[in-house]
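Geometric and topological summary
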Amino acid sequence: MPKKTFKQALNEAHFHEMRRDPRVIVMGEDISGGIGASGEMDAWGGSEGVTKGLYTEFGEARVVDTPLSESAIIGAAVGAATTGLRPVADLMFADFLGVCFDQIFNQAAKFRYMFGGKAVTPVVIRAMIGAGFRTAAQHSQCLYPIFTHIPGLKVVIPSNPYDAKGLLIQAIRDDDPVIFLEHKLLYGVTGEVPDGPYAIPFGEAKVLRDGGDVTIVALALMVQVAMDAAELLSKRGIEATVIDPRTTSPLDLDTIVESVEETGHLVIVDESSPRCNIATDIAAQVADVAFHALKGPIKMVTPPHTPVPFSPALEDLYLPSAEKVAQAVEISLRSRRGAA
Amino acid sequence: MQLSREDLLLAYRRMRRIRDFEDRVHIEFAAGEMPGFVHLYAGEEASAVGVCMNLTDEDMISSTHRGHGHCLAKDTDVNGMMLELYGRKDGICGGKGGSMHIADLSKGMMGANGIVGGGPPLICGAALTAKTLGTGNVAVAFTGDGGSNQGTTFEAMNFAAVLKLPVIFVFENNGYAETTASHWSVACKDIVNRAQAFGMPGISVEGTDFFAVWDAAREAVARARAGGGPTLMEVKVPRFYGHFEGDAETYRAEGEVAALKRDHDCLKIFRRRVVEAGLLSDADLDLVDAEVGDEIEASVMLAKSSPMPGPEDLLTDVYVRY
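Just so it is clear, the model here is predicted, and its values are computed rather than measured. (Residues numbered from 1 in each chain as written. Chains lettered and ligands numbered in written order. Predicted model: local features only at pLDDT ≥ 70, side-chain atom pairs only at ≥ 80, totals over all residues. Heavy atoms only, no water.)

1. Here we look at the interface of chain A and chain B
Applicable threshold: We call two residues contacting when some pair of their heavy atoms lies within 4.5 Å. Note on definitions: buried area is the accessible-area loss of two parts on being combined, 1.4 Å probe, summed for both. The term salt bridge refers to a side-chain nitrogen of Lys or Arg lying within 4 Å of a carboxyl oxygen of Asp or Glu. For the purposes of these results, a polar contact is taken to be a pair of N or O atoms within 3.5 Å, where, inside protein, one atom must be able to donate a hydrogen and its partner to accept one; residues adjacent in sequence count only when each atom of the pair is a side-chain atom. Numbering of helices and strands runs from the N terminus, with a helix taken as a DSSP run of H or I at least four residues long and a strand as a DSSP run of E at least two residues long.
Listed per partner, the contact involves 44 residues of chain A and 39 residues of chain B. Roughly 3300 Å² of surface becomes buried between chain A and chain B when both sides are summed, with 67% attributable to carbon and sulfur atoms. The largest per-residue losses of area from chain A upon contact with chain B belong to Tyr113(A), Met114(A) and Phe115(A), which jointly make up 20% of the total buried on that side. For the interface between chain A and chain B, the tally reads 0 salt bridges. Scanning the region where chain A abuts chain B turns up 19 residue pairs in polar contact (both at pLDDT 80 or more). Secondary-structure elements contributing two or more residues to the side of chain A that touches chain B are strand E2 (24-28), strand E3 (63-65), helix H3 (70-82), helix H4 (101-108) and helix H5 (111-114) of chain A. A total of 10 residues in the side of chain A that touches chain B trace back to one element, the largest contributor, which is H3(A).

2. Here's the deal with the sheet that holds strand E6 (residues 202-206) of chain B
Residues and elements named next belong to chain B. Spelled out, the test is: Strands are treated as partners if at least two bridges between them are detected by DSSP. Lines fitted to C-alpha atoms define the axes here, with helix axes fitted over just the stretch in contact, and angles between the N-to-C directions of these axes take values from 0 to 180 degrees.
Overall, parallel pairing links the 5 strands, which are arranged E1-E2-E3-E7-E6 in an open sheet. Edge positions in the sheet fall to strand E1 (60-62) and E6, since each has one partner strand and no second. The average angle at which neighbouring strand axes cross in this sheet is 20 degrees, direction not considered. The sheet contact formed by E6 and strand E7 (residues 231-236) spans 5 bridges and is parallel. Each bridged residue has a counterpart across the sheet, and for Glu206 the counterpart in E7 is Lys236. Each of E1, strand E2 (139-144), strand E3 (167-173) and E7 touches helix H2 (residues 45-52); the most contacted strand, E2, lies at about 170 degrees to it. Against the sheet, helix H5 (residues 119-133) engages E1, E2 and E3, with an angle of about 175 degrees to E2.

3. Notes on the domain arrangement of chain A
All names here are of chain A. Threshold: An automatic or database domain assignment supplies the start and end points of every domain. All amino acids are sorted into three groups, where Ala, Val, Leu, Ile, Met, Phe, Trp, Tyr, Cys and Pro are nonpolar, Asp, Glu, Lys and Arg are charged, and the leftover types, Gly among them, are polar.
Parsing chain A into structural domains produces domain 1 (3-192) and domain 2 (206-335). Spacing between the C-alpha centres of domain 1 and domain 2 amounts to 28 Å. Around 2100 Å² of area is buried between domain 1 and domain 2 when both sides are counted, 59% of it from carbon and sulfur atoms. Counting the contacts that link domain 1 with domain 2 gives 15 residue pairs in polar contact (both at pLDDT 80 or more). Taken together, the elements giving at least two residues each to the side of domain 1 that touches domain 2 come down to helix H6 (144-148), strand E6 (154-156) and helix H7 (161-173). For the side of domain 1 that touches domain 2, the residue count by class is 17 nonpolar, 7 polar and 3 charged.

4. Section: helix H6 (residues 151-162) of chain B
Residues and elements named next belong to chain B. Rules: Here a helix's expected span is defined as the number of its residues, less one, multiplied by 1.5 Å. Relative accessible area decides the class of each residue, using a 1.4 Å probe on protein chains only: under 20% of the type maximum gives buried, over 50% gives exposed, and in between gives partly exposed.
Compared with the 16 Å implied by 1.5 Å per residue over 12 residues, the 16 Å span of H6 between its first and last C-alpha is a close match. Regarding H6, the residues found buried are Thr152, Thr153, Glu155, Ala156, Met157, Phe159 and Ala160. At the exit of H6 stands Lys164, carrying a positive phi of roughly 50 degrees.

5. Brief notes about the state of the cysteines
The line we're drawing: The disulfide definition used here is simple: a pair of cysteine sulfur atoms within 2.5 Å.
Considering all chains together, one arrives at 0 disulfides over all chains under this definition. Here Cys276(A) is not disulfide-linked; the sulfur of Cys142(A) is the nearest cysteine sulfur, at 16 Å. Free of any disulfide, Cys71(B) has its nearest neighbouring cysteine sulfur in Cys93(B), separated by 8.3 Å.

6. Description of the pattern of salt bridges
Residue and element names in this part refer to chain B. A full pass over the atoms with the stated rule returns 48 salt bridges over all chains. Glu291 is the salt-bridge partner of Arg13, the closest N and O atoms lying 2.6 Å from each other. Here Arg13, found in helix H1 (residues 5-30), pairs with Glu291, found in helix H11 (residues 282-304); they are 278 residues apart in sequence, far enough to count as distant. The exposure class assigned to Arg13 is partly exposed, which follows from its relative accessible area of 24%. With relative accessibility at 36%, the residue Glu291 sits in the partly exposed group.

7. So, the confidence of the model for chain B
Quick reminder of the rule: Every residue is assigned a pLDDT by the predictor, reflecting its confidence on a scale from 0 to 100.
Across chain B, the average pLDDT comes to 97, with 100% of residues at 70 or higher. Confidence estimates for the predicted assembly give a pTM of 0.95 and an ipTM of 0.93.

8. Observations regarding the packing of H1(B) against helix H10 (residues 266-276) of chain B
Residues and elements named next belong to chain B. Under the convention used in this document: Throughout this description, any angle smaller than 35 degrees is read as roughly parallel, any larger than 145 degrees as roughly antiparallel, any in the 65 to 115 degree range as roughly perpendicular, and the remainder as oblique. Crossing handedness is read from the near helix: turned anticlockwise from the far helix by less than a right angle, it gives a left-handed crossing, and turned clockwise, a right-handed one.
Two numbers describe how H1 lies on H10: the axes approach to 10 Å, and their chain directions differ by 160 degrees. In terms of orientation, H1 and H10 fall into the roughly antiparallel class. In the crossing of H1 with H10, the sense of the turn from one axis to the other is left-handed. Contacts from Leu8, Ala11, Tyr12, Met15, Arg16 and Arg19 of H1 reach H10 at Cys266, Leu267, Phe270, Arg271 and Val274. By residue class, the composition of the contact of H1 with H10 is 8 nonpolar, no polar and 3 charged.

9. Focus on the UniProt feature "domain: Dehydrogenase E1 component" (unreviewed entry) in chain B
How we decide: UniProt positions are given in the numbering used here, feature names are shortened, and annotations may be inferred rather than shown by experiment.
Using the residue numbers shown here, the UniProt feature "domain: Dehydrogenase E1 component" (unreviewed entry) corresponds to residues 13-311 of chain B. As a span, residues 13-311 of chain B carries 43% helix and 10% strand, and end to end its C-alpha atoms are 38 Å apart.

10. As for the pairing of strand E13 (residues 266-269) of chain A
All names here are of chain A. Formally: Look down the strands so they point away from you; if going from the first strand over the helix to the second traces a clockwise path, that crossover is right-handed.
Residues Leu266 and Ile268 line one face of E13 and the alternating positions Val267 and Val269 line the opposite face, and both faces are buried. Inspection of the sheet shows strand E10 (residues 214-218) paired to E13 by 4 bridges, in the parallel sense. Residue pairing across strands places Ala218 opposite Val269, the latter belonging to E13. Summarising the sheet, E13 and strand E14 (residues 299-301) pair through 3 bridges and their orientation is parallel. In the sheet register, Val269 faces E14, and the bridge partner there is Val301. Since E13 and E14 lie parallel, the crossover through helix H10 (residues 278-290) that links them has a hand, and here it is right-handed.

Set out below in structure tokens:
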């Protein structure tokens, strides 16, 4: 299978779906890039180049450069989705979604319910998440818990190029509003990606590694941290299962619970800030339905409850590391229930 | 005059239906028969009907929290609306939306909206669909004077102008945003002046005059359909009731509402105009009054005797598939 970057995988997903369905459009600031500059209409392809080339093939009717106005971009995408298009809106940094929460929380997420099942709103909102890029507090947040909280939204967070392509294709084909979040440190990561289109269903976790001693759940960039931790632990004689839920809404709790019933230990690695995040959500749900299986405390490895710092020295301290995850696993194993 | 006798009768019927619907809801709400938040549109009928008489079912509108008039002007089913206000299972939104969220996409009604300023960005999307698919449809965002101050509305106007979208931004200025007077809260003298900032034509209309609204909207709709981009319309209308039902209206001058009802009632003005011009007779209009009266009465009786939703309805309609 050919190797491609996360960014190339996303780009291919756009091409496949726009060729397949003429109702698919992309929109956002700089989405073609450089309108009005030197006549070059396909200059930038979005801030990360994910949509590069689309303008040349599909033209301005389907590759819509917009003014810088997040509420209008997302509102128009939602309105277009409700009236027959299938827009993919690029909002760059997920932090900017803050200025269009109304369009996401109150409009897109609720149309179907409020209108008695008569609305279909197949909009995809793409945005970047994550720290580690020295982009400081307003360009580094992992905001997926906020969207996961809202009924009516689906939330997708790929961790590798193969999943990125398959999940984006599913997102574009999906009839519900989808928040699709891409960790900015993953764009350059390579992996095997088929040339043709394929869709990965939502709500199906991926088991990346099988081990009988502990279950580690992680998302996005933290999947790699969890895998590195599993390697460290293996050298110390501890074997970990690593699970990537891939989507937090819907969430594949069954796969996590089945694994915890085998291992008896659960460690969750979550880059979002620690209160009311995905780690606390999974911890609570597992404790609720599988308390009997837990042999030790559920441990959560997250950043501290602070905005993301700028200084590299501080940001490196902020992020969870493989060593911190390994320590959390060892603590859970040491404090086994019933042990003296 | 380009309106046929049938058009005039339809315009009157739609305005009368809104008025009677609202007056009846006012009574029913005061009697404690109706749950929730209800915001009435009475007094503003000529605006909704004057604009929407220029639209087809394929032309989308977005509305406000004061949405009943826009729904009825777009010919949304009266019974479905009344049942919805009563929270009944067979309401047009299955009892899940209520007064503030009535929608009928089949009639081009994209929803009343509980968020002030929520509609204009959304309607740009409907216009984007029309432009992308080349349907020739137009989209209308109804917003109040309060909504005219929202940033989302400014963004939407710039967005529509830049992309030359077929949108009409209709600002129904009823003088109050909730309880705050628009002469205080709107910094420029008139909302219509804001059109200039976005490079679009602006027109100010006396909203008690159905014909003035209809004329202005006709021109704006024609421009939008021809690819001429957006238009801003400020429609000056009276508000006969409070911000919400139950509002004591202590912020209004004594006698203000009575004077509005006496001198600025669009239904009376319409009747006088068409009868004096010999276009319709009092008898024609009286017949419409009687028919609409019966229709509203029947809708209330139906709503009161209709079943509530059950536990099986709580979890449906959240997703298409989850």
